[in-house]
Amino acid sequence: MVNLVAAQKPLLNGLMKMAGVTPHSVEIYPGTVMSIWVPSETIKKVKTSSKKTTAAAAVDGGCKTTKPTKPVVVLVHGFAAEGIVTWQFQVGSLTKKYSVYVPDLLFFGGSITDSPDRSPAFQAECLAKGLRELGVERCTVVGFSYGGMVAFKMAEMYPEMVEAMVVSGSILAMTDSISAAMLEGLGFSSSSELLLPDSVKGCKALLKVATHKKLWFPDRFHKDFLEAMFNNRKERGELLEGLVVSTKDTNIPHFPQRIHLLWGENDQIFTFDLAQNMKEELGDKATVEGIKKAGHLVHLERPCVYNRCLKKFLISLHATNEPRK
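Residues numbered from 1 in each chain as written. Predicted model: local features only at pLDDT ≥ 70, side-chain atom pairs only at ≥ 80, totals over all residues. Heavy atoms only, no water.

Trainee: How should I be thinking about the pattern of salt bridges in this particular structure?
Mentor: Opposite charge on two side chains allows them to pair when their charged atoms are near. Taken as a whole and assessed by the stated rule, the structure comprises 12 salt bridges. Measuring nitrogen to oxygen at the nearest pair gives 2.6 Å for the salt bridge that ties lysine 204 to aspartate 219. Taken as a pair, lysine 204 in helix 9 (residues 200-210) and aspartate 219 in helix 10 (residues 219-229) lie far apart in primary sequence, 15 residues in all. According to the relative accessible area criterion, lysine 204 is partly exposed, its value standing at 35%. Residue aspartate 219 is classed as partly exposed on the basis of its relative accessible area, which comes to 43%. Between lysine 292 and glutamate 265 there is a salt bridge, with the nearest N and O atoms lying 3.7 Å from each other. Remark: glutamate 265 occurs in the loop between strand 12 (258-264) and helix 12 (272-282) and lysine 292 occurs in the loop between strand 13 (286-291) and helix 13 (298-301); sequence separation between them is 27 residues. Because the salt bridges share partners, they merge into one network encompassing Arg118, Lys234 and Glu238. (Salt bridge = Lys/Arg side-chain N within 4 Å of Asp/Glu carboxyl O. Helix = DSSP H or I, 4+ residues; strand = E, 2+ residues; numbered from the N terminus. Buried < 20%, exposed > 50% of the residue type's maximum accessible area, 1.4 Å probe, protein only.)

Trainee: I keep staring at unusual backbone geometry and nothing clicks. Help me out?
Mentor: Glycine aside, a negative phi is what most residues show, and trans is what most peptide bonds show. Its identity is not glycine, yet phenylalanine 107 carries a phi of approximately 75 degrees, on the positive side. The class of phenylalanine 107 is buried, set by a relative accessible area of 5%. One non-glycine residue, lysine 293, lies in the positive phi region at around 55 degrees. Owing to a relative accessible area of 58%, lysine 293 belongs among the exposed residues under this scheme.

Trainee: Quick question: what am I supposed to make of the side chain of histidine 260 here?
Mentor: Summarising the element assignment, histidine 260 is placed in strand 12. Residue histidine 260 is classed as buried on the basis of its relative accessible area of 7%. In terms of polar contacts, histidine 260 uses its side chain to reach the side chain of glutamate 289, at 2.8 Å. Residues within four places of histidine 260 in sequence aside, it is in contact with Met165, Val166, Val167, Thr287, Val288, Glu289 and Phe313. (Polar contact = N/O pair within 3.5 Å; in protein donor to acceptor, adjacent residues only side chain to side chain. Contact = heavy atoms within 4.5 Å.)

Trainee: What am I meant to see in the packing of helix 9 against helix 10 here?
Mentor: Any two packed helices are characterised by how steeply their axes cross, that is the angle between the axes, and by the distance between the axes. Viewed as axis vectors pointing N to C, helix 9 and helix 10 meet at an angle of 95 degrees, and their least axial separation amounts to 9 Å. Our classification of the angle between helix 9 and helix 10 gives roughly perpendicular. The segment helix 9 lies against helix 10, with Val200, Cys203, Lys204 and Leu207 engaging Asp219, His222, Lys223, Phe225 and Leu226. Across the contact of helix 9 with helix 10, the residue classes break down as 5 nonpolar, 1 polar and 3 charged. (Axes fitted to C-alpha atoms, helices over the stretch in contact; angles between N-to-C directions. Parallel < 35°, antiparallel > 145°, perpendicular 65-115°, else oblique. Nonpolar A, V, L, I, M, F, W, Y, C, P; charged D, E, K, R; others polar.)

See the structure below:
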């Protein structure tokens, strides 16, 4: 029987290409490859006999990438789906004015590694290295949920590269105290039970806590989604284990970047109150904005409102960066 979710992937891939991005693979280290959707205009065909590659270009299947010519926006996905599935309603809204990059983090999509490191810091390191190979020098990172934690870590580790952040439904770090309180409040025994469902019932429970609106899909859809999206289960379980850190060992870094917290006001996983508290912890360069009638999946539930808020921030950011006349 045809998997309905998997069958839609070629259509989504085609829509993304029409929107102006193309899939590309970058070798980060031997044994570590990251799949990243890149601006189509940066892809150039090269002769197969050519053996030269510049530091700012990466070769993939007879293609090389060149430096982006527009401000760069990097969209980093969460834990339940890969890049273009997560950001399918944002890509086309941004590509006219921005060079958009949509990575698949390690063990999502086509990204793999033989390294035993499962920390957000390693994800951030690989993403930064991959973007540099693609010619990206400065970027604004938009991170959702798990991707937000990777974005925070990337901004901390590479402040010269990350000029600003937009974060939705995420936190600075998943401390053991935050993890325990979140799981107890939602009624789950572990992060794996919440984020790595292995049954239709578990998939429905995840969707219920992730959305504000009560959505209904047939059991067949949930079954197909489980089969299509939740591969590399062992490694993803290890990612969840590597995510939790001790509360006593956690310090709030100083971020020189502007940070915009763009939230669903009805988020049950990471509440809007948490976002407001985080804004105070981050200081004067942080701002917070809530979107009504939206939960954790705010960018999917209310994409038009989310895109409008996101673009407003990006415009203000680049207007601020323009030299005065």
